[in-house]
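Overview (structure and organization)
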Amino acid sequence: MGHQPVNPQLDFRALFESVPGLYLVVNVDPQFTILAASDSYLAATMTRREEILGRPTFEVFPDNPERPNDGEKQIRASFERVIRTGKPDTVAVLKYDIRRPASEGGGFEERHWRAVNTPLLNERGAVIAIIHRAEEVTELLRMRGDSARHLLAAEIARESESRLLQLTKELTAAKELAEAQRLAAVSANLAKDQFLAMLSHELRTPLTPVLLTVSLLERFENLPGEVQDDIQTIRRNVELEARLIDDLLDLTRITRGTLQLHFETVDAHLLIRNAVNLCCQQRLDDVEVKLDAEQHHVRADPARLQQIFWNVLSNADKFTPEGERITVCTSNATSGHLVVEISDHGVGIDTSVLPTVFNAFQQGDASLTRNFGGLGLGLTITRQLVEAHQGTIEAFSEGRMRGSKFTIDLPTVSPAITQEPTRVKLPPAKQSPMRILLVEDHVGTLKAMTKLLNGLGHRVITASTVKEALAAAEQEPIDLVVSDLGLPDGSGHDVMRALRARYAVKGIAVSGFGMDEDISRSAESGFEKHLTKPVDLERLQAAIQQTTK
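1. Thoughts on empty space enclosed by the protein
Enumeration over the complete set of coordinates arrives at three cavities of 30 Å³ or more. Computed from the structure, the largest cavity encloses a volume of approximately 180 Å³. Along the walls of the largest cavity sit 15 residues, with Tyr41, Phe61, Ile75, Tyr96 and His132 positioned nearest its centre. Of all the secondary-structure elements, those providing two or more residues to the lining of the largest cavity are helix H2 (39-45), helix H4 (57-60), helix H5 (71-85), strand E6 (112-121) and strand E7 (127-136).

Here it is in structure tokens:
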């Protein structure tokens, strides 16, 4: 029978508080502030956890003013020795009376204790806290009498050493368990990232020939209107599939803290208009836009801010029947803040689901998920992006079939240095013919991309392996390499490094792998551009023009 897996939710504080021994953990500040206490310690000292945590030790446990003793002095001195030496210190037997709570009559109750104070060290060996283990010996002393005090002290010292050794073993085991948990979490995250990267590749690759074929069909101007509509339907659905895959990767980047944002001063109204035109192009008559905010410039990553607006509008579009109203309005409810409200008259959000609507993979009613599709990641990513822009987002709905409203609040900035988001200029339809080496092992993608590049007037030499690509480059000069990365006998990186070294040729990587490290690796191996599948005509043309200009 194998080992049981470590429980990552194990609560070490709860374990500590429930141990049978009398334990107190104190800070190493001048007041020896109390950090934690076991239940047994609280019971023995007639105290309550909420009343002593965060308070100085000797304020909580003062000497008995009616019968002064050196109990406080001895414990304080022991704490100081532990800090100075970094080693455990034993206090044999001392008288240290305990203050009774008012509910028990007040005053002090005579007590005798023995104790061991053990340092808690960080990875550099510095003392960061002291574990105070006490044992009450009041009754034992009374039974043996004062004449046995010295014999008892010797016995206590021997017993304390044994218990200290056991405590050290327990602390070491706890540390090893925590490290095992950390390594297990790292391993799980790595496995998850590798799975998502492979899933992205496998899902994107078959979409590429579909989107390329759509790009080819769109070039025929004499197609009947119904056929053109069908082509647009195919394009929208392929792009939706690609967006769902991007959501998975975005969520991974956000949780790993690797999502890169490029801030500049932007006009939020401009980005809202762009998002409306992109998302609601087929139903603009249903969308009412009221951009009334006078302060509408924000410090943001323009692409990610537009993604925020697009995600919320996409939800409104998806869940609102055609002919029902979608409203987008802006205001400055308070100075220095831009408030964007996107409301609809769609299916609404059940009140029981509303608190979790921003959770990953949360889509509320399962029947809605089946009817409208999606992974339930869009709003999760949206909230993370809004918070990365120092803003907030809230959802509101009166319930099913009563519509919903999303409110985004962002801090505004002065428009004095506003720079409008750079618009990508579409390349001209015709480019100078080039000799392009196309390296792709997916038959459908190779066929569609060859036809598309030939249609643009280029001469295309094809290869499906690293060996074929290198051999083709030896047969005739190559102006540009367009290569997939995953090949049967190697990778596109191998092709690019070899051809760049031999012929100084430029290249474009086309891959289903689109994580940040994939893009960085493409640049390191010599590719000028990295296009993540699926790729359409406009993106490919733009990449070719930018790479070869």
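2. Side note on the packing of aromatic side chains
This model, assessed by the stated rule, comprises four aromatic pairs. Where tyrosine 41 meets phenylalanine 61, the ring centres are 6.0 Å apart and the plane angle is 80°; that geometry is what we call edge-to-face. Remark: phenylalanine 61 occurs in the loop between H4 and H5 and tyrosine 41 occurs in helix H2; sequence separation between them is 20 residues. The same class applies to tyrosine 41 as to phenylalanine 61, namely buried. With 6.2 Å between their ring centres and 40° between their planes, phenylalanine 58 and phenylalanine 79 make a pair best called tilted.

3. Comments concerning the sheet that holds E7
One open sheet accounts for five strands, arranged E2-E1-E7-E6-E3; its pairing is antiparallel. Each edge of the open sheet carries a strand with a single partner, namely strand E2 (34-37) and strand E3 (89-95). Between one strand axis and the next, the sheet turns through 25° on average, direction left out of account. By the bridge criterion, nine bridges tie E6 to E7 in an arrangement that is antiparallel. The partner of leucine 120 across the bridge, within E7, is alanine 129.

4. Section: helix H17 (residues 516-525)
Taken together, the buried positions of H17 are Asp518, Ser522 and Ser525. Along the long axis of H17, the arc covered by the buried residues comes to 70°, so they all point the same way. Opposite the buried face of H17, at more than 90 degrees from it, the exposed residues are Ala523 and Glu524. Where H17 is buried, its residues meet helix H16 (492-503), strand E20 (506-511) and strand E21 (529-532).

5. Notes on the nonpolar core
Counting residues in each nonpolar core, the largest one holds 38 residues, and the members touching the most others are Val298, Leu305, Phe309, Leu313, Phe406 and Ile408. Not counting residues up to four positions away in its chain, the partners in contact with phenylalanine 406 are Val312, Val340, Glu341, Ile342, Ile349, Phe358, Leu379, Ile393, Glu394 and Ala395. Membership of the second largest hydrophobic core comes to 24 residues, among which are Ile52, Val91, Leu94 and Ala115.

6. Considerations on helix H15 (residues 466-475)
Listing the buried residues of H15 in full gives Val466, Ala469, Leu470, Ala472 and Ala473. Along the axis of H15, the buried residues cluster in a sector spanning 160°; they form a single face. In H15, the exposed residues that point more than 90 degrees away from the buried face are Lys467, Glu474 and Gln475. In this structure, the buried side of H15 is in contact with strand E15 (435-439), strand E16 (459-463), strand E18 (486-487), strand E19 (490-491) and H16.

7. Topic: the pairing of E2
Direction of pairing for strand E1 (residues 22-27) relative to E2: antiparallel, over a ladder of three bridges. Within E2, the residue paired with leucine 24 across the bridge is alanine 37. Here E1 folds back onto E2 in antiparallel fashion, the turn holding six residues, of which phenylalanine 32 has a positive phi close to 50°.

The rules behind each value
Residues numbered from 1 in each chain as written. Predicted model: local features only at pLDDT ≥ 70, side-chain atom pairs only at ≥ 80, totals over all residues. Heavy atoms only, no water. 1 Å grid on protein atoms, 1.4 Å probe; cavity = no way out; pocket = protein on both sides within 12 Å on 5 of 7 lines; lining within 4 Å. Points joined across faces, edges and corners; volume = space filled by probe spheres on them. Helix = DSSP H or I, 4+ residues; strand = E, 2+ residues; numbered from the N terminus. Phe/Tyr/Trp six-rings, centres within 6.5 Å; stacked < 30°, edge-to-face > 60°. Buried < 20%, exposed > 50% of the residue type's maximum accessible area, 1.4 Å probe, protein only. Pairing = 2+ DSSP bridges. Axes fitted to C-alpha atoms, helices over the stretch in contact; angles between N-to-C directions. Arc of directions from axis to C-beta. Contact = heavy atoms within 4.5 Å. Core = buried A, V, L, I, M, F, W, Y, C linked by side-chain atoms within 4.5 Å.

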